[in-house]
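The chain contents come next:
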Amino acid sequence: MNIEKRTIEFVPEEERHGSVRNLFTIWFSSNMQITTLVTGALAIEFGLNLFWSIIAIVLGNLAGAIFMASHSVQGPKLGIPQMIQSRAQFGVVGAVVPLIIVILMYTGFFASSGILGAQAVSSAFSIPVTPGIVVINVITLIITLFGYDLIHKMERYFAIIFVIVFVFVTLEAFRFPLPPDAWTPGVFKAGPFLLMVSIAATWQLTYAPYVADYSRYLPSNTPSSKTFWYTYAGTVIGTVWMMILGVVLTAAIPKFLANSSTGLAKLVGSQFAVVMYLVIVLGVLAANVLNLYGAFMSITTTLEAFTKLKVTLKTRFWLVFATVIIGTVLAIWGNGNFLGNFENFILLLSYFMIPWTAINLIDYYLLRRGEYNVHDMFNLNGQYGKFNWIAITSYLISFLLEIPFVNTTMYEGPIATALEGTDIAWIMGLITPLLLYYWPMKKKMRQTVDVKGVKG
């Protein structure tokens, strides 16, 4: 298999290939991992029973994935990575503002997921965690260097393995006795319930900055409805399955979250424990390859705005390698008390991406209706300019307005506190740009058209 030659540039029609069905497997596989399971298990930690946990998980994922899959539609239409397309809203240089957040976020996810994979390797082969981190990250590096086609092929094969293994694991999980009130509506706890809905929705929204990267090689005549639904179904089914599995295991097994990898291994019996550990590692690889590829694409997009960088195979290697080194150092450093705080910091960064999602989708679907000048996205003096201060200002204000609604272990906003821990920051982050970006930008576009009409 050849190394991918293109990076952030436009993919011409003669190079378009692949099946839209592959979008299901890439987003299904990337969510069939232990981090997803542990995230779902938080519902039990918040005090919800099984009934309300599952409803919160399903509602949050169904809502968040609408926005996530809507970004995927942009790939075949425009033939460029997601964050390059963001230049049409923020300006060629202005797009660096959300790009910096994206780079930090995905490097952090790469580091924290690498630790989870290394812990599984350590348990399976009785080696220290640090060499395990290096092994996991080297494999991720190799896959990422080959790029788009290998990533899609890998995720297809992983999907088959995950279905076989986790059907068995799920059946075993439901054989455990559950608390007597597990399936009864009981007392509804609004704060924890809405907090879990927010976490599930935000899980999907954090994919937004790179979801179109994996659909951009599809033919431009790929039906938008198919792009949307294959992406939506893959990410919702994979995430909901693993989050509910995490809820069931946490409700049934005391202290399951103390070591979830070991808990899963015990579930399949000692004779299959190594297999379970390897499947956990595959799940980490499925997610971390996307994190590393996304970080690489974002770094390249940032550098290109200032240097007009031409990415050769050699440049590609050094950029990916440098990202892996940084992620590996963070993972080794974070393999201790630092990790919990660092993961919280990364989750806090994800709140920056919610207003970005809203601005991008408002611009694509409501203002320009998918019609862009792709060439000008690479031109500092093109129609999108260096900076679009309407987008940058609305982005920053929308984030600031989210803060009072945030509920994390690092910080809890005053409104979240007043609402008994209810976190609706993601809703604020999605709604506010309708006022701050849509109307001013619509007026600016109308004035631009009028000026051109006068000149004509």
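For the structure, see preceding data.
To start, this report covers the structure provided alongside it. Just so it is clear, the structure is predicted and the values come from calculations on it, not from any experiment.

This part covers the overall build of the chain. When helices and strands are tallied, the chain shows 18 helices and zero strands. For 456 residues, the compact-globule estimate of 2.2 N^0.38 gives 23 Å, and the C-alpha radius of gyration of the chain, at 22 Å, lies within 12% of that figure. When its C-alpha atoms are laid out on the principal axes, the chain stretches across 75 × 55 × 40 Å. In the chain, of all internal contacts separated by at least 6 residues, the share reaching a separation of at least 24 is 86%. With an accessible surface of roughly 18600 Å², the chain has 69% of that area assigned to carbon and sulfur atoms. Of note, the chain has its 27 positive side-chain charges centred 7 Å away from the centre of its 21 negative side-chain charges.

Right, let's get into the environment of L150. Along the polypeptide, L150 turns up in helix α9 (residues 148–173). Expressed as a C-alpha distance, the spacing of L150 and N2, which sit 148 residues apart in the sequence, is 8.8 Å.

With that settled, the discussion passes to the pattern of salt bridges. Taken as a whole and assessed by the stated rule, the structure comprises eight salt bridges. Notably, a salt bridge pairs R316 with E4, separated by 3.0 Å at the nearest N-O pair. Of this pair, R316 sits in helix α14 (residues 313–333) while E4 is found in the segment before α1 (22–31), placing the two residues 312 residues apart along the sequence. On the basis of relative accessibility, which here comes to 8%, the residue E4 falls in the buried class. A salt bridge links E172 to R175; its shortest N-O distance comes to 3.0 Å. What emerges from the salt-bridge pattern is a single network uniting E4, R216 and R316.

Our next topic: the packing of α9 against helix α13 (residues 273–307). Contact geometry for α9 and α13: axes closest at 10 Å, N-to-C directions at 145°. α13 is crossed by α9, and the crossing has left-handed handedness. Two secondary-structure elements touch here, α9 through Y148, I151, M154, E155, F158, I161, F162, V165, F166 and V169 and α13 through M276, V279, L282, G283, L285, A286, V289, L290 and Y293. Residues of the contact of α9 with α13, tallied by class, amount to 17 nonpolar, one polar and one charged.

Among the structural elements, S198 can be located in helix α10 (residues 190–205). S198 gets classed as buried once you look at its relative accessible area, which sits at 4%.

Moving on, we get to the packing of aromatic side chains. Two aromatic rings, taken as a pair, are described by how far apart their centres are and by the angle between their planes. Under the counting rule described, the total for this entry stands at 29 aromatic pairs. Both rings, one in F51 and one in W52, keep their centres 4.9 Å apart while their planes meet at 90°; by these two values the pair is edge-to-face. A relative accessible area of 25% means that F51 is categorised as partly exposed. Linked through ring pairs, W27, Y106, F109, Y207, Y210, Y214 and Y293 together constitute an aromatic cluster.

What follows concerns helix α3 (residues 50–72). Between its terminal C-alpha atoms α3 stretches 32 Å, which fits the 33 Å expected from 23 residues at 1.5 Å a residue. The largest bend along α3 measures about 30° and falls at A65.

This brings us to a nonpolar patch on the surface. Where nonpolar side chains cluster on the molecular surface, the patch consists of Y365, L366, I427, I431, L434, L435 and W439 and spans about 670 Å² of accessible area. Every element with two or more residues in the nonpolar patch is listed here: α15 (338–367) and α18 (425–455). The element that contributes the greatest number of residues to the nonpolar patch is α18, accounting for five residues. Within the secondary structure, W439 sits in helix α18. In this structure W439 comes out as exposed when scored by relative accessible area, which is 52%.

Before going further, it helps to examine helix α12 (residues 260–267). Counted residue by residue, α12 has six buried out of eight residues, so it is predominantly covered. Looking at α12, one finds that the buried residues are S260, S261, G263, L264, A265 and L267. G269 occupies a position one or two residues after α12 and carries a positive phi of about 90°.

Backbone geometry at K255 places phi at a positive 60°, although glycine is not the residue there. Examined against the element boundaries, K255 turns out to sit in the loop between α11 (224–252) and α12. Even without a glycine there, the phi angle at R369 is positive, about 50°. In this structure, R369 sits in the loop between α15 and α16 (389–402).

The next subject is the nonpolar core. In terms of nonpolar packing, the biggest core is built from 134 residues, with W27, F166, V169, L249, L264 and M276 touching the most fellow members. For L249, the residues in contact, after removing those within four places along its chain, are L37, A173, F256, L264 and L267. Within the second largest apolar cluster, seven residues are counted, among which are I115, A118, L330 and A331.

Turning our attention to the side chain of T25. Checked against the element boundaries, T25 lands in helix α1. Within polar-contact distance, the side chain of T25 engages the backbone oxygen of N22 at 3.0 Å. Non-local contacts of T25, meaning those with residues more than four positions away in its chain, are made with E155, R156 and A159.

As a further point, take the environment of F378. Relative to the assigned elements, F378 resides in the loop between α15 and α16. Sequence-wise, F378 and L23 are 355 residues apart; in three dimensions their C-alpha atoms are separated by 27 Å. Residues contacting F378, with those up to four places away along its chain left out, are I8, E9, F10, I80, I84, R87, E304 and K308.

Here we take up the packing of α3 against α10. Their axes nearest at 7 Å, the elements α3 and α10 cross at an angle of 35°. When the axes of α3 and α10 are compared, the crossing they make is right-handed. For the pair α3 and α10, the contacting residues are W52, I55, A56, I57, L59, G60, N61, G64, A65, F67 and M68 in the first and F193, M196, V197, A200, A201, W203, Q204 and L205 in the second.

Definitions and limits used
Residues numbered from 1 in each chain as written. Predicted model: local features only at pLDDT ≥ 70, side-chain atom pairs only at ≥ 80, totals over all residues. Heavy atoms only, no water. Helix = DSSP H or I, 4+ residues; strand = E, 2+ residues; numbered from the N terminus. Rg over C-alpha atoms; globule rule 2.2 N^0.38 Å. Contact = heavy atoms within 4.5 Å. Areas by Shrake-Rupley, 256 points an atom, 1.4 Å probe, with all protein chains shown as cover. Lys, Arg positive; Asp, Glu negative; His and termini not counted. Charge placed at Lys NZ, Arg CZ, Asp CG, Glu CD. Salt bridge = Lys/Arg side-chain N within 4 Å of Asp/Glu carboxyl O. Buried < 20%, exposed > 50% of the residue type's maximum accessible area, 1.4 Å probe, protein only. Axes fitted to C-alpha atoms, helices over the stretch in contact; angles between N-to-C directions. Left-handed = near helix turned anticlockwise from the far one by under 90°. Nonpolar A, V, L, I, M, F, W, Y, C, P; charged D, E, K, R; others polar. Phe/Tyr/Trp six-rings, centres within 6.5 Å; stacked < 30°, edge-to-face > 60°. Expected span 1.5 Å × (residues − 1). Bend = angle between axes of the 7 residues up to and from the residue. Patch = residues over 30% accessible without salt bridge, like charges linked within 9 Å, V, L, I, M, F, W, Y side chains within 5 Å. Core = buried A, V, L, I, M, F, W, Y, C linked by side-chain atoms within 4.5 Å. Polar contact = N/O pair within 3.5 Å; in protein donor to acceptor, adjacent residues only side chain to side chain.

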